[in-house]
Amino acid sequence: MDSSTDNPRLDYDESFREIVDTYASLGYPHDMLEAWTIPQVDGRALVGFVEDVNPKNVLEVGTYVGMTSMLLAKHTAPDTHIHTVDPSLPLRTEIDSMKGSYHGCDVDIRAQDLGKKAADRLGLSGKITFHRGGFSVGQTFATRNVDPTLAVEVVGPEVCRQHGPFDFVFVDGLHYHDAVLSDLELAAAHLEPGGTIALHDVIGMWGSNVRAAVSAFLTEHPDFVFWHPPLADLYRSVGVLRHIPEGAQREISGTAPEPEFLTDEAKLKHFATVVVNTVKPANAVILGDGCERLRELLVELGVEVDVEPTRRYDLCVCLDTSPATSEDAADELVQRCVFASDTVVFGSTPPGEFGAARPNERPIAAWVRRFLAHGYVFHDTIRPFFEPMTYANIPNRIFGVTTSDLLDLYVVRKEIDSDRDVSHAFLADQLGEKEARCEQLSLQRLFEEIVGRGALEREAELRERLASAETDLASHSQELERVNSELARLQQERPALLANAARTPELEKRVSQLNQQAAKLEHQRHMLELTCHHLQQPWRVRMAGAAGRRFPRLAAFVKRALGKT
Ligand SMILES: C[S@@+](CC[C@H](N)C(=O)[O-])C[C@H]1O[C@@H](n2cnc3c(N)ncnc32)[C@H](O)[C@@H]1O
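Residues numbered from 1 in each chain as written. Predicted model: local features only at pLDDT ≥ 70, side-chain atom pairs only at ≥ 80, totals over all residues. Heavy atoms only, no water.

1. Overview of the overall build of the protein
Applied cut-off: Runs of E in the DSSP output that reach at least two residues are strands. Runs of H or I that reach at least four are helices, and both are numbered from the N terminus. When accessible area is computed with a 1.4 Å probe and restricted to protein chains, residues below 20% of their type maximum are described as buried, those above 50% as exposed, and intermediate ones as partly exposed. Contacts were defined at the residue level, with two residues in contact if any of their heavy atoms lie within 4.5 Å. Surface accessibility in these figures is a Shrake-Rupley result with a 1.4 Å probe; residues are shielded only by whichever protein chains are displayed.
The number of helices and strands found in the protein is 22 helices and 13 strands. Buried residues in the protein amount to 51% of all 565 residues. Intrachain contacts of the protein at a sequence separation of at least 6 include 76% that bridge at least 24 residues. Carbon together with sulfur atoms contributes 52% to the accessible area of the protein, which is approximately 26,200 Å² in total.

2. A look at the nonpolar core
Which entries qualify depends on this criterion: Here, nonpolar core refers to any group of buried Ala, Val, Leu, Ile, Met, Phe, Trp, Tyr and Cys residues whose side-chain atoms link them within 4.5 Å.
If you look at the biggest cluster of nonpolar residues, it comprises 42 residues, and the most contacted ones within it are Tyr23, Tyr28, Met70, Leu91, Leu114 and Phe168. Tyr23 has contacts with Tyr28, Leu33, Val65, Gly66, Met67, Met70, Leu114, Gly115 and Ala118, leaving out every residue within four places of it along the chain. Counting 33 residues, the second largest nonpolar core, distinct from the first, contains Val61, Phe166, Tyr176 and Leu218.

3. Points about the sheet that holds strand β4 (residues 166-171)
Applicable threshold: Any two strands with at least two DSSP bridges between them are considered paired. Helix axes are fitted only over the stretch in contact, all axes being lines through C-alpha atoms; the angle between N-to-C directions runs from 0 to 180 degrees.
Here we have 7 strands laid out as an open sheet, ordered β3-β2-β1-β4-β5-β7-β6, and mixed in their pairing. Looking at which strands have only one partner, the edges of the open sheet turn out to be β3 (128-132) and β6 (224-227). Neighbour-to-neighbour, the strand axes of the sheet open up by a mean angle of 15°, direction not taken into account.

4. Quick word on the pairing of strand β7 (residues 238-243)
Burial within β7 is extensive, with 6 of its 6 residues counted as buried. Taking every second residue as pointing to the same face, both faces of β7 are buried, with Val238, Val240 and Arg242 on one and Gly239, Leu241 and His243 on the other. Note that strand β5 (residues 191-200) and β7 share 5 bridges and pair antiparallel. Within β7, the residue paired with Thr196 across the bridge is Arg242. Of the pairings in the sheet, the one linking β6 to β7 comprises 4 bridges and is antiparallel in character. Residue pairing across strands places Val225 opposite Arg242, the latter belonging to β7.

5. Brief notes about the site of the ligand
Quick reminder of the rule: Any residue with a heavy atom positioned within 4 Å of a molecule or strand is treated as near that molecule or strand. We call two N or O atoms a polar contact when they sit within 3.5 Å, provided that within protein one can donate a hydrogen and the other can accept it, with sequence-adjacent residues counted only if both atoms are side-chain atoms.
For the ligand, the set of nearby residues contains 22 residues, the closest of which are Thr68, Asp86, Glu94, Gln139 and Asp172. Between an oxygen atom of the ligand and a main-chain N or O atom of Met67, the distance comes to 3.5 Å. Contact with the protein chains hides 98% of the accessible area of the ligand, taken as 600 Å² for the molecule alone. Secondary-structure elements contributing two or more residues to the shell around the ligand are β1 (57-61) and α5 (67-74).

6. Quick notes on the packing of helix α2 (residues 12-25) against α5
So the rule is basically this: An angle counts as roughly parallel when it lies under 35 degrees, as roughly antiparallel when it exceeds 145, as roughly perpendicular when it falls between 65 and 115, and as oblique in every other case. A clockwise turn of the near helix away from the far one marks a right-handed crossing, whereas an anticlockwise turn of less than a right angle marks a left-handed crossing. Under this grouping Gly is polar, as are all residues other than the nonpolar Ala, Val, Leu, Ile, Met, Phe, Trp, Tyr, Cys and Pro and the charged Asp, Glu, Lys and Arg.
Following both chains from N to C, one finds α2 and α5 inclined at 135°, their axes separated by 10 Å at the closest point. Between α2 and α5, the interaxial angle falls into the category oblique. As α2 packs across α5, the resulting crossing turns out to be right-handed. For the pair α2 and α5, contact is made by Tyr12, Ser15, Phe16, Glu18, Ile19, Val20 and Tyr23 and by Met67, Met70, Leu71 and Lys74, respectively. Classifying every residue of the contact of α2 with α5 by side-chain character gives 8 nonpolar, 1 polar and 2 charged.

7. Considering the packing of aromatic side chains
Stated formally: Here the aromatic set is Phe, Tyr and Trp, taking the six-membered ring for Trp, and pairing holds for ring centres within 6.5 Å; pairs whose planes are under 30 degrees apart are stacked, those over 60 apart are edge-to-face, and all others are tilted. Our definition puts a charge over a ring when NZ of Lys or CZ of Arg is within 6 Å of the ring centre and also within 35 degrees of the ring normal.
Taken as a whole and judged by the stated rule, the model has 8 aromatic pairs. With 5.1 Å between their ring centres and 80° between their planes, Trp36 and Tyr64 make a pair best called edge-to-face. Taken together, the positions of Trp36 in the loop between α3 (30-33) and α4 (40-53) and Tyr64 in the loop between β1 and α5 put the pair 28 residues apart, joining distant regions of the chain. Of the residues examined, Trp36 reaches a relative accessible area of 23% and is grouped as partly exposed. Judged by its relative accessible area of 6%, Tyr64 falls in the buried class. Here Arg370 stacks its cationic end above the ring of Trp367, 5.8 Å away from the centre of that ring.

8. Thoughts on the pattern of salt bridges
Cut-off, in case you're wondering: Salt-bridge detection follows one rule: a side-chain nitrogen of Lys or Arg within 4 Å of a carboxyl oxygen of Asp or Glu.
Taken as a whole and judged by the stated rule, the model has 19 salt bridges. The salt bridge involving Arg44 is made with Asp13; its shortest N-O contact spans 2.6 Å. Here Arg44 is found in helix α4, whereas its partner Asp13 is found in helix α2, with 31 residues between them in sequence. Note on Arg44: relative accessible area 39%, which makes it partly exposed. In this structure Asp13 comes out as partly exposed when scored by relative accessible area, which is 34%. A salt bridge links Lys56 to Asp79; the nearest nitrogen and oxygen atoms lie 3.6 Å apart. Here Lys56 is found in the loop between α4 and β1, whereas its partner Asp79 is found in the loop between α5 and β2 (81-86), with 23 residues between them in sequence.

9. A closer look at unusual backbone geometry
At the junction of Gly164 and Pro165, the peptide bond is cis and its omega measures out at -5° in the coordinates. Relative to the elements of secondary structure, Pro165 occurs in the loop between α9 (156-163) and β4. We note that Lys280 has phi near 50°; this positive angle belongs to a residue other than glycine. You can see Lys280 is positioned in the loop between α12 (265-279) and β8 (283-287). For Lys280, a relative accessible area of 63% puts it in the exposed group.

10. Describing α9
Put simply, the test is: This arc describes the spread of directions from the helix axis toward the C-beta atoms.
Along α9, the residues that are buried comprise Gly156, Val159 and Cys160. Angular distribution of buried residues about the axis of α9 spans 95°; they occupy a single face of the element. Facing away from the buried side of α9 by more than 90 degrees, the exposed set consists of Arg161 and Gln162. Against β1, β2, β3, β4 and α10 (177-189) lie the buried residues of α9.

Below is the structure:
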């Protein structure tokens, strides 16, 4: 059915504004809601996908107050229905779990109750059913971050059984790896063939969690393809998983930028240096097209480089630049690599980098299996040198990662005898490394966390010193006051003073001493205040706190690293 005939396309920006104004008229300005609702740019992408699909039955995981439910309802046909699932906790609980601000709003209202009010005002109530509870897990952000006993009832399986299958699903619920994965599994089990699952936060702060779950999902579901915006597009973070029915074309249309890794001098130089330092090859061969500059750089670094293998080398570099679209061609590519060397630096394109990708996109698992058959094992030792990536709310940019060349870039080494039986458990470990790698993007914060934590500890220590300096200052000031008033009294009583002449110089000396001491303490207090102020720079404190909450394992590691119990 052509969506334009039964649902003329609305102007997205206008409907976004209308929805925002509706919440504002209910007492919830956008400033307050935007901390946890879809940004305008992502809403546009979501609406684009849903209008393309023109679904009849939509499932949403993660309503919050319903901004995206309203968008989905407005931009679908009149007979389309939206089922949205959320624990619907009081806003106070949600905001506290994010350490957010109430903005002076009534935060005792439950999330979906606000959504229902907005739907009424927008005339969308008939299109949306709000289901209260966890979708595939009972955990929420509040159980993770505040109180584990706040778990909610899981209602997703029943909602899916009663109202599925769905032709469009939007997943924007609990953003941890295991929760996203189980949401995807449940949603996929109730998806129409050829259906679409859109996800929020595939890039940016939560991106590594969400993409790790998508990777794990793709490993088990080869009948899905994944598209997401280039990693550099921090402010566009809606991705889609599309089910490809048997025999259909495995493509998602969309324009992505040119691959830039092999033409970006700075990145290529950095890459060549990292490779040479990691592998220390005397000679190497590069397989694939378009790598002339890389060859020159390796030669400059003292490596003898061939472009066609004629013998065995210390290193083979294969960045997936030659088309290997068929399964046979992929087998052949791996055979050429293992023929050339025991050590291969292998770059491949994961699903989802359309346009920027080589034609060769495959889940990493497909390559791991092929190399493993020859006894080669994957190691994630190069890509981390290109991180940290730039995240939206982290100020320092160290290296921008933009293409799939870096997403799936590994050192692959011959480590096991190819005759040996490769057990499934071993294979699972190898594939698990892929997920671990995605999760370990959080390592990029380790440095900042250490710095931040150090800052916090130092701040606490300085605050103590400041407090004791203030106590000292107070007692010295009291003493000064007492001596001053005694001096004043003595000066008034001049005759008596003359009689007490011997005492006056002694008192004046004491006053001068106390004045000096007070000035010194004042200076000390000023310096301590400056240091505290510096340490209180909001990003450091926020980041350290947030990193500790978000990465409890890392926080524990940092604690140990800092020698704490
Ligand atoms: C980022 S918000 C959703 C925002 C919404 N899609 C929008 O843009 O308007 C995430 C929501 O997922 C909810 N959530 C947390 N745990 C969940 C679970 N187990 N199942 C479903 N939703 C969950 C949170 O309570 C929160 O309301």
